[in-house]
Amino acid sequence: MIYFDNSATTKPYPEVIESFVKVSSEFFGNPSSLHGIGAQAEKLLTKARNQIAELLDIRGSEVYFTSGGTEGNNLAIKGAAFANSGKGKHIITTEIEHASVFDACDYLKNNGFDITYLPVNRNGKIQLADLVRAIRKETILVSAMHVNNETGAIQPITEIGKLLSAYPNILFHVDHVQGVGKVPLDIKKSGIDLCTISGHKFHGLKGNGVLFIKDGTNISPLFSGGSQESKKRSGTENVAGAVALAKALRITMENQKTGLEKLKAIRQMLWEGLEAFEGIEINSPVEGAPHILNFSIPGLKSEVFVHALEEDGIFVSTTSACSSKKKSPSRTVMAMFGNLERAESIIRISLSYQNELQEAKRVVKMVRNTVNNLQKVMR
Amino acid sequence: MEFDHIIIRYGEISTKKRNRKGFVDKLKANIRRVLEEFENAKLSASRDRMYILLNGEDHKEILNLLKGVFGIQSLSPALKIDRDIEELKNAVLFYFNQLSRQVATFKITAKRADKDFPYNTDELNHILGGHLLKNTEGITVDVKNPDFNLRVEVRKEAVYLTGEVIQGAGGLPLGSSGKAMLMLSGGIDSPVAGFLSMKRGLEIECIHFYSPPFTSERSRQKAVDLAGKLAEVSGKIKLHIVPFTDIQLLIQKQIPENYTMTTTRRMMLKVADKIMEKQQGMAIITGESLGQVASQTLNSMYAINEVTNTPVLRPLIAMDKLDIIELARGYDTLEISNRPYEDCCTVFTPATPKTKPRRDKVSFYESFVDFDELVNEAVNKVETITINHKQQKDLGASDEMEDLF
């Protein structure tokens with residue numbers, strides 16, 4: 001089996017599952033309980049929080065545990081919007097955001113907010129000049145993803161942050177779900193106020209995420225309840241999940257040190273193998289993230305292609321997993337190239353540090369074979 | 001082009017005369033401890049400066065650590081460049097761009113120890129200054145009072161660039177003033193008092209009063225974590241945890257309610273005094289600030305202080321609470337201190353403590369029972385733990401817990 005769908009989700013590290021099981025069975029206390037069992041659980045939660053803070057180079061008090069990327073993005077965007085609507089009701093985001101950002105903005109649009117969607121160029125990047133033009137007196141939030149989940153295009157987050165530092169009323173949210181552990185991001189230096197990550201994208205478990213909320217940032221909670229996580233995210237803390245996420249992040253960051261070159265080499269091999277092949281158009285920008293390669297086979301239905309590859313034990317995806325069941329064209333590729341045929345026939349390969357170079361070799365060969373076979377049948 | 005060395009200037013020490021060597025040696029030892037993890041870095045000292053030869057180690061990381069070392073007035077990183085004018089130009093721009101603060105004006109001070117260099121100092125000032133002006137925005141030259149004075153030193157082997165002056169922590173080298181015991185409650189004030197004492201060169205050990213079951217494991221952990229913060233300065237620190245329940249119970253039973261607080265403080269001071277003697281300290285430090293609470297009025301201090309003639313140092317005595325909070329934030333202890341657990345000071349607080357207790361009265365109330373025996377017992381049962389900065393993060397977590405991460 002070759003698993004090349006790591007942007008949909010990754011296989012949890014066995015050590016991570018081990019920790020989860022052990023914490024769940026042996027340290028099951030509620031961190032808010034006063035007794036010793038509760039104190040132990042609290043200690044674990046604090047340790048997890050501090051370890052994550054250290055790995056991301058932020059403060060422990062800025063780590064808020066959530067249920068994952070979707071919740072993190074919703075909490076950041078709706079929370080920032082509702083808490084700051086007194087200052088203004090204008091939000092800027094991009095055309096290529098993940099659904100959890102895009103639809104959260106859509107929800108706000110129906111609730112009296114005004115949203116500007118910045119376009120991207122053929123490299124999937126927004127232009128800073130567009131951003132400057134979009135900023136108004138009543139702008140309160142800019143939300144931009146670091147690494148695009150479909151194409152791997154990287155936004156100039158640090159530059160955006162520097163630009164926004166001149167606007168004290170504007171909060172800056174970054175969806176870092178696809179970037180963490182793969183494309184370095186200095187949260188503090190980039191002037192970010194809110195930053196989302198999700199455990200299962202780096203070999204942690206589903207149902208665990210972290211939202212970085214810079215100390216002193218005002219956001220409203222989405223949930224009313226027991227005031228956990230400094231009142232910003234009520235609900236009994238998922239201690240086992242937090243520990244699992246801390247461990248997964250540590251291992252991933254260690255792998256990043258040694259594995260990044262391999263990742264780049266695999267992507268390079270795939271790129272060269274596919275680019276040369278007639279009938280394939282690569283959608284990912286050359287200088288995109290090292291783990292995502294997106295291409296189109298105009299004229300072929302991508303779903304058919306995914307199933308055909310699956311017969312050979314190769315697992316890739318069409319658009320992002322979250323949207324793939326809707327069978328709509330890729331919003332990102334549409335925004336980049338404005339070509340419907342291209343946006344309807346996309347395939348995404350996404351890697352992790354567990355993949356090997358030989359796998360890429362085989363995948364290139366199988367992709368070519370499959371395209372040949374299908375084109376015979378379908379044309 | 002790489003950072004070659006860091007210049008360390010001492011502040012107050014350089015005004016010392018005959019005992020100066022002692023101060024410098026302490027500072028050297030403290031810096032060495034910080035440099036432990038940087039194997040290649042070498043420390044050397046001259047009369048009024050020290051140099052760290054980086055030998056490839058990361059200067060930013062080292063600078064960051066040195067900023068917390070007491071006794072250092074200021075620091076400057078120095079760049080080493082080959083004797084080539086083009087490289088020199090690039091280096092000047094590089095040095096300028098990595099400054100930690102924004103500057104609006106600059107000047108260049110070139111010096112030639114080696115007169116064979118093809119450009120004289122005026123030419124160098126001109127060429128390098130011009131290069132900076134051309135390649136940056138919004139800065140001007142000011143030779144009289146510049147924000148930033150870039151020093152260029154041409155020597156036989158290479159050219160050195162320096163000029164950025166980074167403020168150090170100031171004060172005196174840790175341990176150069178002797179040893180004292182810090183009464184560490186878990187509140188906001190006492191850790192700040194600890195930091196300020198260390199800044200004046202005191203080596204400190206902490207004393208925490210623990211009264212299970214009235215105070216919880218969590219409040220004890222608070223003291224441990226705060227001591228851990230103090231250990232970031234000193235590398236390691238001793239924490240004496242005093243079992244205080246029996247004494248507090250006897251106080252509650254024996255002393256009229258409005259005087260319990262006064263007696264409690266007197267007993268704490270007695271215990272601290274005895275631990276200090278054992279540990280060969282010479283003072284007791286508290287986080288008291290005049291008038292802040294009932295136990296910190298002048299009358300209270302007068303009544304409490306009666307039990308010892310050891311110097312009781314109160315670094316915060318003239319500070320306002322808000323200023324103390326600001327310092328606590330700077331020392332990164334505020335968050336820990338704000339954890340909401342009962343501690344030895346809060347749990348037995350009477351509803352209306354005396355703000356003007358009298359010595360004769362409190363002595364009279366205490367005279368009916370033998371507190372000394374309990375005091376001695378508490379001292380004998382003290383649990384002493386040494387908190388090592390490097391292991392501190394793991395403290396309190398068992399090995400079993402360690403594996404989970």
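The structure displayed is predicted, hence computed values, not measured ones. (Residues numbered from 1 in each chain as written. Chains lettered and ligands numbered in written order. Predicted model: local features only at pLDDT ≥ 70, side-chain atom pairs only at ≥ 80, totals over all residues. Heavy atoms only, no water.)

Along chain A, the regular secondary structure elements total twelve helices and twelve strands. Compactness check: chain A gives a C-alpha radius of gyration of 21 Å against a globular reference of 21 Å for 379 residues, within 12% of the reference. Along the three orthogonal principal directions, the C-alpha set of chain A runs to about 70 × 50 × 35 Å. For chain A, with 379 residues in total, the buried portion stands at 60%. In chain A, the proportion of contacts linking residues at least 24 apart, taken out of those at least 6 apart, comes to 73%. Total accessible area computed for chain A in this model is approximately 15,600 Å², and 52% of it derives from carbon and sulfur atoms. Separation between the mean location of the 44 positive side-chain charges and that of the 39 negative ones in chain A comes to 2 Å. (Helix = DSSP H or I, 4+ residues; strand = E, 2+ residues; numbered from the N terminus. Rg over C-alpha atoms; globule rule 2.2 N^0.38 Å. Buried < 20%, exposed > 50% of the residue type's maximum accessible area, 1.4 Å probe, protein only. Contact = heavy atoms within 4.5 Å. Areas by Shrake-Rupley, 256 points an atom, 1.4 Å probe, with all protein chains shown as cover. Lys, Arg positive; Asp, Glu negative; His and termini not counted. Charge placed at Lys NZ, Arg CZ, Asp CG, Glu CD.)

Moving on to the interface of chain A and chain B. Counting residues at the interface gives 25 residues for chain A and 15 residues for chain B. Summed over both partners, the interface of chain A with chain B comes to about 1,600 Å²; 52% of that surface belongs to carbon and sulfur atoms. Across the contact surface, chain A and chain B share four salt bridges. Counting across the chain A and chain B interface gives eleven residue pairs in polar contact (both at pLDDT 80 or more). (Buried area = accessible area lost by both parts, 1.4 Å probe. Salt bridge = Lys/Arg side-chain N within 4 Å of Asp/Glu carboxyl O. Polar contact = N/O pair within 3.5 Å; in protein donor to acceptor, adjacent residues only side chain to side chain.)

On to the domain arrangement of chain B, then. All names here are of chain B. Under the domain assignment used here, chain B contains domain 1 (5–167) and domain 2 (179–396). Taking only C-alpha atoms, the centre of domain 1 and the centre of domain 2 are 43 Å apart. With five residues of domain 1 at the contact, the number on the domain 2 side is eight residues. Together, E12, R33 and F70 form the three largest contributors to the area buried by domain 1 at its contact with domain 2, with a combined 80%. Here domain 1 and domain 2 share zero salt bridges between them. Across the domain 1-domain 2 interface, the total number found is one residue pair in polar contact (both at pLDDT 80 or more). (Domains from an automatic or database assignment.)

As enumerated under the stated definition, the model contains 37 salt bridges over all chains in all. In this structure, R136(A) engages D114(A) in a salt bridge whose closest nitrogen and oxygen atoms are separated by 2.8 Å. With R136(A) in the loop between α5 (128–134) and β5 (139–145) and D114(A) in strand β4 (residues 114–118), this pair connects stretches of sequence that are 22 residues apart. Classification of R136(A) by relative accessible area gives partly exposed; the value is 34%. Since its relative accessible area comes to 37%, D114(A) is described here as partly exposed. A salt bridge links E86(B) to K89(B); its shortest N-O distance comes to 3.4 Å. Of this pair, E86(B) and K89(B) both sit in helix α3 (residues 85–97), three residues apart, which is roughly one turn of the helix. The network of salt bridges with common partners includes R59(A), D215(A), K229(B), E232(B), D332(B) and E335(B).

Quick look at the sheet that holds strand β12 (residues 346–350) of chain A now. All names here are of chain A. Pairing is antiparallel across the open sheet formed by three strands, whose spatial order is β9-β10-β12. Lying at the two open borders of the sheet, with one neighbouring strand each, are β9 (281–282) and β12. One ladder, built from two bridges, connects β9 with strand β10 (residues 292–296); its direction is antiparallel. Residue E281 lies in a different strand from β10, and its bridge partner there is S296. This element, helix α7 (residues 239–275), spans β9, β10 and β12 of the sheet and lies at about 10 degrees to β10. (Pairing = 2+ DSSP bridges. Axes fitted to C-alpha atoms, helices over the stretch in contact; angles between N-to-C directions.)

Bringing helix α2 (residues 36–56) of chain A into the picture now. All names here are of chain A. In a regular helix each residue adds 1.5 Å, so 21 residues correspond to 30 Å; α2 covers 30 Å between its end C-alpha atoms and thus fits that length. Taken residue by residue, α2 has G38, A39, A41, L44, L45, K47, A48, R49, Q51, I52, A53 and L56 as its buried positions. Looking at the residues trailing α2, positive phi occurs at D57, about 60 degrees. (Expected span 1.5 Å × (residues − 1).)

Once that is clear, we can look at the domain arrangement of chain A. Residues and elements named next belong to chain A. Taken domain by domain, chain A consists of domain 1 (2–8 + 258–378) and domain 2 (14–251). Between domain 1 and domain 2, the residue contacts involve 31 residues of the former and 26 residues of the latter. The junction of domain 1 with domain 2 conceals about 2,300 Å² of combined surface from both sides, 50% of it contributed by carbon and sulfur atoms. Considering only the surface of domain 1 that becomes buried against domain 2, R331, T332 and M336 emerge as the three largest contributors, covering 25% of it. One can count zero salt bridges joining domain 1 with domain 2. Run the count over domain 1 and domain 2 and you get 13 residue pairs in polar contact (both at pLDDT 80 or more). Every element with two or more residues in the side of domain 1 that touches domain 2 is listed here: α7, β10, α10 (331–337) and β12. For the side of domain 1 that touches domain 2, the class distribution of residues is 15 nonpolar, twelve polar and four charged. (Nonpolar A, V, L, I, M, F, W, Y, C, P; charged D, E, K, R; others polar.)

Tracing the chain through its elements places N110(A) in the loop between α4 (99–109) and β4. In this structure the C-alpha to C-alpha distance between N110(A) and P31(A), which are 79 residues apart in sequence, comes to 38 Å.

Residue and element names in this part refer to chain B. Tallied over the full model, the rule gives 13 aromatic pairs over all chains. Between F195 and Y331, the ring centres sit 4.1 Å apart and the planes meet at 5 degrees, which makes this aromatic pair stacked. Of this pair, F195 sits in helix α5 (residues 189–199) while Y331 sits in the loop between α10 (321–330) and α11 (334–337), and the two are 136 residues apart along the sequence. For F195, a relative accessible area of 3% puts it in the buried group. Note on Y259 and Y365: the rings are 5.2 Å apart at their centroids and 70 degrees apart in plane angle, and the pair reads as edge-to-face. Remark: Y365 occurs in helix α12 (residues 359–366) and Y259 occurs in helix α8 (residues 257–279); sequence separation between them is 106 residues. By the ring-pair criterion, three or more aromatic residues cluster together here, those being F3, F94, Y95, F96, F106 and F148. (Phe/Tyr/Trp six-rings, centres within 6.5 Å; stacked < 30°, edge-to-face > 60°.)

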